[in-house]
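Given next are the chains, with one letter for each unit.
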Amino acid sequence: MKDKLIEIIKEAGELLKEGYFSNKEVNFKAKKDLVTKYDVAVENFLKNRFSKEFPSFTLIAEESDNTDIKFGDSIIIDPIDGTTNFVNQVPHTAISVGVYKNKEPYIGVVYNPILNELYEAKTGCGSFLNGKKIEVSKENDFQKSLISTGFPYTSGSNQNDLNDVIKKIEIILPKCQDIRRLGSASLDLCYVARGTYEGYYEMNLKAWDVSAGILILLEAGGKISNINGEKYKLFDDKYIVATNGYIHKELILNLNAK
Ligand code: IPD
Ligand code: CA
Ligand code: CA
């Protein structure tokens with residue numbers, strides 16, 4: 001299944017690339033939440049091909065009607081993760097596809113066609129970037145750790161969320177090497193998986209932002225939890241915390257510090 005999945009995602013990558021280099025109209029789903037015709041085109045292309053190739057899986061996708069989600073044996077699709085980057089030609093943007101069997105991760109693929117980076121993982125088989133095995137960093141000193149995060153779209157409308165973002169940065173920034181905000185949650189998880197970042201956290205993500213990256217990080221030796229250090233629940237948890245494992249406890253402590 002993985003090879004076919006990748007073949008289809010690479011084809012969809014051509015569409016993303018075409019859009020990235022063209023002038024495009026931008027629509028707003030909310031104050032800060034953008035969408036273009038390419039988000040919809042990539043999603044429709046993937047759904048169409050996946051439904052023919054993998055008919056036993058339900059398809060869950062960002063730009064579709066998600067009022068009645070049937071999560072089980074599912075393929076969870078973010079057609080363009082990092083749409084703000086895509087619109088502004090910042091090259092950190094990717095197609096993210098996570099395959100779940102009985103609600104457990106089975107295959108994850110994150111493809112950035114602009115930088116030509118394809119991350120993939122299958123349960124029990126490790127994680128790969130363009131065919132080469134990747135592993136998390138071994139850094140265990142929080143002060144030397146590069147941490148990534150993201151800012152929720154709700155930071156433009158919800159004062160509590162904005163306060164929480166600022167409070168956490170105020171606590172974590174002096175204690176770590178530095179903080180990055182790359183603009184694509186799926187790639188953030190892959191960057192922890194490849195050992196570039198030691199840790200990553202973000203609030204208010206949707207299942208399609210992380211469905212693939214979760215498995216890619218776990219198979220690269222990393223750790224994922226919610227903000228209490230418990231198993232991260234797709235569709236449920238407000239915060240995701242993802243690390244190389246070595247700094248996990250300390251990141252959780254800092255995220256909960258008052
Ligand atoms: C967004 C990106 C971004 C994260 C946002 C996500 P989108 O996804 O992953 O990095 O900070 O919270 O919603 O809207 O570009 O698919
Ligand atoms: Ca996304
Ligand atoms: Ca998206």
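Definitions and limits used
- Residues numbered from 1 in each chain as written.
- Chains lettered and ligands numbered in written order.
- Predicted model: local features only at pLDDT ≥ 70, side-chain atom pairs only at ≥ 80, totals over all residues.
- Heavy atoms only, no water.
- Helix = DSSP H or I, 4+ residues; strand = E, 2+ residues; numbered from the N terminus.
- Rg over C-alpha atoms; globule rule 2.2 N^0.38 Å.
- Buried < 20%, exposed > 50% of the residue type's maximum accessible area, 1.4 Å probe, protein only.
- Contact = heavy atoms within 4.5 Å.
- Areas by Shrake-Rupley, 256 points an atom, 1.4 Å probe, with all protein chains shown as cover.
- Lys, Arg positive; Asp, Glu negative; His and termini not counted.
- Charge placed at Lys NZ, Arg CZ, Asp CG, Glu CD.
- Donors = N, O, S within 2.8 Å, 3.2 Å for Na, K, Ca; no water.
- Pairing = 2+ DSSP bridges.
- Axes fitted to C-alpha atoms, helices over the stretch in contact; angles between N-to-C directions.
- Near = heavy atom within 4 Å.
- Polar contact = N/O pair within 3.5 Å; in protein donor to acceptor, adjacent residues only side chain to side chain.
- Nonpolar A, V, L, I, M, F, W, Y, C, P; charged D, E, K, R; others polar.
- Disulfide = S-S within 2.5 Å.

Visitor: Outline the overall build of the protein chain, listing residues and values.
Guide: Scanning the protein chain for helices and strands turns up 7 helices and 14 strands. Taking 2.2 N^0.38 as the reference for a compact globule, 258 residues should give roughly 18 Å; the C-alpha atoms of the protein chain span a radius of gyration of 17 Å, in line with that estimate. Across the 258 residues in the protein chain, those meeting the buried criterion constitute 53%. In the protein chain, the proportion of contacts linking residues at least 24 apart, taken out of those at least 6 apart, comes to 65%. Looking at the protein chain as shown, the accessible area adds up to about 11700 Å², and 49% of this sits on carbon and sulfur atoms. Mean positive and mean negative side-chain charge positions of the protein chain (33 and 36 charges, respectively) differ by 2 Å.

Visitor: Can you break down the coordination of the calcium ion (ligand 2) residue by residue, with the values?
Guide: For the calcium ion (ligand 2), the full set of protein donor atoms is Asp78 (OD), Asp81 (OD) and Asp209 (OD), and the range of their distances to it is 2.1 to 2.3 Å. In the primary structure, the donors to the calcium ion (ligand 2) are separated according to the pattern D-x2-D-x127-D. Taken as an interatomic distance, the gap from the calcium ion (ligand 2) to the calcium ion (ligand 3) is 3.7 Å; Asp78 donates to each of them.

Visitor: How would you summarise the sheet that holds strand β6 (residues 104-112) if you had to cite specific residues and measurements?
Guide: The strand order across the open sheet formed by 7 strands is β3-β4-β5-β6-β7-β8-β9, and the pairing between neighbours is mixed. Both edges of this open sheet fall to β3 (58-61) and β9 (132-134), since each of them pairs with a single strand only. The sheet shows a mean angle of 20° between the axes of neighbouring strands, taken without regard to direction. Examined bridge by bridge, strand β5 (residues 94-101) and β6 share 7 bridges and lie antiparallel to one another. Looking at the pairing, Val99 lines up with Ile107 of β6. Of the strands in this sheet, β3, β4 (74-81), β5, β6, β7 (117-122), β8 (127-129) and β9 touch helix α6 (residues 207-219), which is tilted by about 100° from β6.

Visitor: So what's going on with the side chain of Asn254? Which residues, and what values?
Guide: Here Asn254 is to be found in helix α7 (residues 248-256). Asn254 sits in the buried class, given a relative accessible area of 6%.

Visitor: If you had to explain the site of ligand 1 to someone new, which residues and values would you point to?
Guide: Close to ligand 1 lie 15 residues, the nearest being Asp81, Gly82, Thr83, Tyr153 and Glu202. At 3.1 Å from an oxygen atom of ligand 1 is found a main-chain nitrogen or oxygen belonging to Ile80. With respect to ligand 1, the side chain of Glu202 contributes an N or O atom lying 2.5 Å from an oxygen atom. For ligand 1, whose free accessible area comes to 380 Å², the fraction covered by protein is 95%. In terms of residue count, β4 provides more of the shell around ligand 1 than any other element does, 3 residues in total. Looking at side-chain class alone, the shell around ligand 1 contains 5 nonpolar, 4 polar and 6 charged residues.

Visitor: Account for the sheet that holds strand β12 (residues 199-203), naming residues and giving values.
Guide: If you walk across this open sheet you meet the 5 strands as β11-β10-β12-β14-β13, and the pairing is mixed. Since the sheet does not close on itself, it has two edges, and those belong to β11 (178-180) and β13 (223-225), each with one partner. Taken over all neighbouring pairs, the strand axes of this sheet differ in orientation by 20° on average, direction set aside. Here 3 bridges tie strand β10 (residues 146-149) to β12, and the two strands are oriented parallel to one another.

Visitor: Mind laying out the state of the cysteines, listing which residues take part and the relevant values?
Guide: In this structure the tally under the stated criterion is 0 disulfides. Take Cys125: it sits in no disulfide, and the sulfur closest to it among the cysteines is that of Cys190, at 17 Å. Since its relative accessible area comes to 46%, Cys125 is described here as partly exposed.

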